[in-house]
Amino acid sequence: LLQKRAAKAESSAAKLRQENAQLQAELRNSRLEKEELRAGQAGLAAARRNAEVALQHLLQVTASSRASIRQLLSGAESLQLVADLLKSIDRISEVSEHGQ
């Protein structure tokens, strides 16, 4: 009877040691996953910050480009006005030459 109890206790102890080893392995795996998730979240946060910085630069470049385009259009309008004035001067000169 005592030997049966001892054998049963040994068997139970072996099963508990095996279960303990499995639980320890699961705990290690869970800790590794947790660290990987934290690293992934840190990477995601860095990517978000980089995207925000890129967006701000893009908005600045867009605003600057629009200002440059407005200046170019204004300059083109000024050149067109000068060209129109030169045409008018030519016509006035032609009329004056024909009128004399």
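Residues numbered from 1 in each chain as written. Predicted model: local features only at pLDDT ≥ 70, side-chain atom pairs only at ≥ 80, totals over all residues. Heavy atoms only, no water.

**Some remarks on the overall build of the chain**
Within the chain, the secondary structure is distributed over one helix and zero strands. For 100 residues, the compact-globule estimate of 2.2 N^0.38 gives 13 Å, and the C-alpha radius of gyration of the chain, at 43 Å, exceeds that figure by more than 25%. With respect to the principal axes defined by its C-alpha atoms, the chain has extents near 145 × 15 × 10 Å. For the chain, buried positions account for 0% of its 100 residues. When the accessible surface of the chain is totalled, it reaches about 9,400 Å², and 58% of it is carbon and sulfur. The centroid of the 15 positive side-chain charges in the chain is displaced by 24 Å from the centroid of its 12 negative side-chain charges. (Helix = DSSP H or I, 4+ residues; strand = E, 2+ residues; numbered from the N terminus. Rg over C-alpha atoms; globule rule 2.2 N^0.38 Å. Buried < 20%, exposed > 50% of the residue type's maximum accessible area, 1.4 Å probe, protein only. Areas by Shrake-Rupley, 256 points an atom, 1.4 Å probe, with all protein chains shown as cover. Lys, Arg positive; Asp, Glu negative; His and termini not counted. Charge placed at Lys NZ, Arg CZ, Asp CG, Glu CD.)

**Considering the pattern of salt bridges**
Within this structure, the stated rule accounts for one salt bridge. In this structure, E35 and R38 form a salt bridge, with 3.8 Å as the shortest nitrogen-oxygen distance. One end of the pair, E35, and the other, R38, are both in helix α1 (residues 2-99), three residues apart, so they sit about a helical turn from each other. (Salt bridge = Lys/Arg side-chain N within 4 Å of Asp/Glu carboxyl O.)

**Overview of the environment of K34**
Topologically, K34 is positioned in helix α1. Using a relative accessible area of 45% as the deciding quantity, one classes K34 as partly exposed. Here the alpha-carbon distance between K34 and Q56, two residues 22 residues apart in the chain, equals 33 Å.

**Section: the UniProt feature "coiled-coil region" (unreviewed entry) in the chain**
In the UniProt entry, the feature "coiled-coil region" (unreviewed entry) is given for residues 6-40. Within residues 6-40, the helical portion is 100% and the strand portion 0%, while the C-alpha atoms at the span's ends are 50 Å from each other. (UniProt positions renumbered as here; feature names shortened; annotations may be inferred.)

**A look at the environment of R5**
Assignment of secondary structure puts R5 in helix α1. R5 sits in the exposed class, given a relative accessible area of 60%. In this structure the C-alpha to C-alpha distance between R5 and E52, which are 47 residues apart in sequence, comes to 69 Å.

**Some words on a nonpolar patch on the surface**
Among the surface-exposed residues, V82, L86 and I89 lie close enough to one another that they form a single nonpolar patch of about 270 Å² accessible area. Inspection of the secondary structure puts I89 in helix α1. (Patch = residues over 30% accessible without salt bridge, like charges linked within 9 Å, V, L, I, M, F, W, Y side chains within 5 Å.)

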